[in-house]
Amino acid sequence: MTTTLRPEGPETPTAAGGRTRRWRILSNGHPVGALRTTATAHGGRLWGEISELEVTEGRGRGRGTFGALAAEEVLRHWDCVRVDVRIPEPAPVARALAATLGYTERMRTLTKHLTGAPALPAGLTVRPIEAEALPGWLDGGAERFALALVASGLTEEQARAKSGGGRPTLLPQGVETPGAVLRSLYGADGGPEPYGSIWVALHLRDLPDGEPLAWVMVVEVSPAHRGRGHGRTLMLLAERECLAAGVRNLGLNVFADNEVAVQLYHSLGYRITERLYGKAL
């Protein structure tokens, strides 16, 4: 029995020199599944992603394994230095396959459907992040994100490339960017240093049913004020801001090894929708 990949359609270029292509998985020339390979530029290097992997016939015969390994070879040929795969939560077989092929879980995506605006604890003050404070806060967040990426398995070069992008696109007008919620949490006296801050993008994308999905881009509690419940308060603030804008779905990413954050989000009613696995090529 011979299992091969065959292009299903032409290769399509993507932004910044990337590329994507969908492939059929064939067994003795007969279609038994499909997948997609995508290369995306990060800091001048290409990162690969395998998606849409599905075995439609003859499951349990190693066809998914072959498809994934063949897709990795495609991505190597495209000069990708890493490969990631996003696996929906209700797919334990796919997660087991990823682990068998040497992938490591790096990140989880969680979402929540919001129903009612939660009350904030008394004795706290909320203020918008000031324009002059925004660049420094974003730079600090990018630095912490890069360190967390290294801890999750990326090289320092890869982490810097991953953490350095996005701000000009997502905040083109700084604090005045439409749909950007930028808030800081203070004590009742209002200052001088915030307990923590949060950035939420109110309309990052739509869910399959057409409802808008907001996203927690950054949530950070100041080191001197950690362990006092301010992370929970910032998330409650994010939910209130979403509901005030008419958005009832909120999502976020969390590193898989950040057990404190994972437990916090679970306690607030967030549920895992997918997991990100990756490895170096």
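Our subject is the structure listed above.
Residues numbered from 1 in each chain as written. Predicted model: local features only at pLDDT ≥ 70, side-chain atom pairs only at ≥ 80, totals over all residues. Heavy atoms only, no water.

K.L.:
Quick question: what am I supposed to make of the packing of aromatic side chains here?
P.N.:
Each aromatic ring pair is described using two quantities: the centre-to-centre distance and the angle formed by the ring planes. Taken as a whole and assessed by the stated rule, the structure comprises 2 aromatic pairs. Ring geometry for Phe145 and Phe255: centres 5.8 Å apart, planes at 45 degrees, overall tilted. Here the residue Phe145 occupies a position in helix α3 (residues 134–151), and Phe255 occupies one in strand β12 (residues 249–255), the gap between them amounting to 110 residues. What makes Phe255 buried here is its relative accessible area of 11%. A centroid spacing of 6.2 Å and a plane angle of 70 degrees characterise the contact between Tyr265 and Tyr270, whose relative ring orientation is edge-to-face. Tyr270 shares its class with Tyr265; the two are buried. (Phe/Tyr/Trp six-rings, centres within 6.5 Å; stacked < 30°, edge-to-face > 60°. Helix = DSSP H or I, 4+ residues; strand = E, 2+ residues; numbered from the N terminus. Buried < 20%, exposed > 50% of the residue type's maximum accessible area, 1.4 Å probe, protein only.)

K.L.:
In this structure, what is going on with unusual backbone geometry? I would like to understand it.
P.N.:
We note that Asn28 has phi near 50 degrees; this positive angle belongs to a residue other than glycine. Relative to the elements of secondary structure, Asn28 occurs in the loop between β3 (18–27) and β4 (30–42). Although it is not a glycine, Asp79 adopts a positive phi angle of roughly 70 degrees. Checked against the element boundaries, Asp79 lands in the loop between α1 (63–77) and β6 (80–88).

K.L.:
Which parts of the structure should I look at to understand the pairing of strand β11 (residues 212–221)?
P.N.:
In the case of a regular strand, side chains alternate between the two sheet surfaces. In terms of strand pairing, strand β10 (residues 196–206) meets β11 through 8 bridges, oriented antiparallel. Within β11, the position partnered with Gly196 by the bridge is Val221. In the sheet, β11 pairs with β12 via 2 bridges, with the strands oriented parallel. Residue Ala214 lies in a different strand from β12, and its bridge partner there is Leu250. Handedness of the crossover joining β11 and β12 through helix α6 (residues 230–244): right-handed. (Pairing = 2+ DSSP bridges. Right-handed = clockwise from strand over helix to strand, strands pointing away.)

K.L.:
Help me out: how do you make sense of the packing of α3 against helix α4 (residues 156–163) in this one?
P.N.:
To characterise two packed helices, one gives the angle between the axes of the helices and the distance between these axes. Contact pair α3 / α4: the axes reach a minimum separation of 8 Å and the direction vectors enclose 140 degrees. By the criterion of interaxial angle, the relationship of α3 to α4 is oblique. Relative to α4, the crossing made by α3 is right-handed. Facing Ala142, Glu143, Phe145, Ala146, Leu149 and Val150 of α3, the residues of α4 in contact are Glu156, Ala159, Arg160, Lys162 and Ser163. Split into classes, the residues belonging to the contact of α3 with α4 amount to 6 nonpolar, 1 polar and 4 charged. (Axes fitted to C-alpha atoms, helices over the stretch in contact; angles between N-to-C directions. Parallel < 35°, antiparallel > 145°, perpendicular 65-115°, else oblique. Left-handed = near helix turned anticlockwise from the far one by under 90°. Contact = heavy atoms within 4.5 Å. Nonpolar A, V, L, I, M, F, W, Y, C, P; charged D, E, K, R; others polar.)

K.L.:
Quick question: what am I supposed to make of the pairing of β4 here?
P.N.:
Here β3 pairs with β4 via 9 bridges, running antiparallel. Looking at the pairing, Arg21 lines up with Thr37 of β4. Adjacent in sequence and paired antiparallel, β4 and strand β5 (residues 45–55) are bridged by 2 residues, among which Gly43 carries a positive phi angle near 60 degrees.

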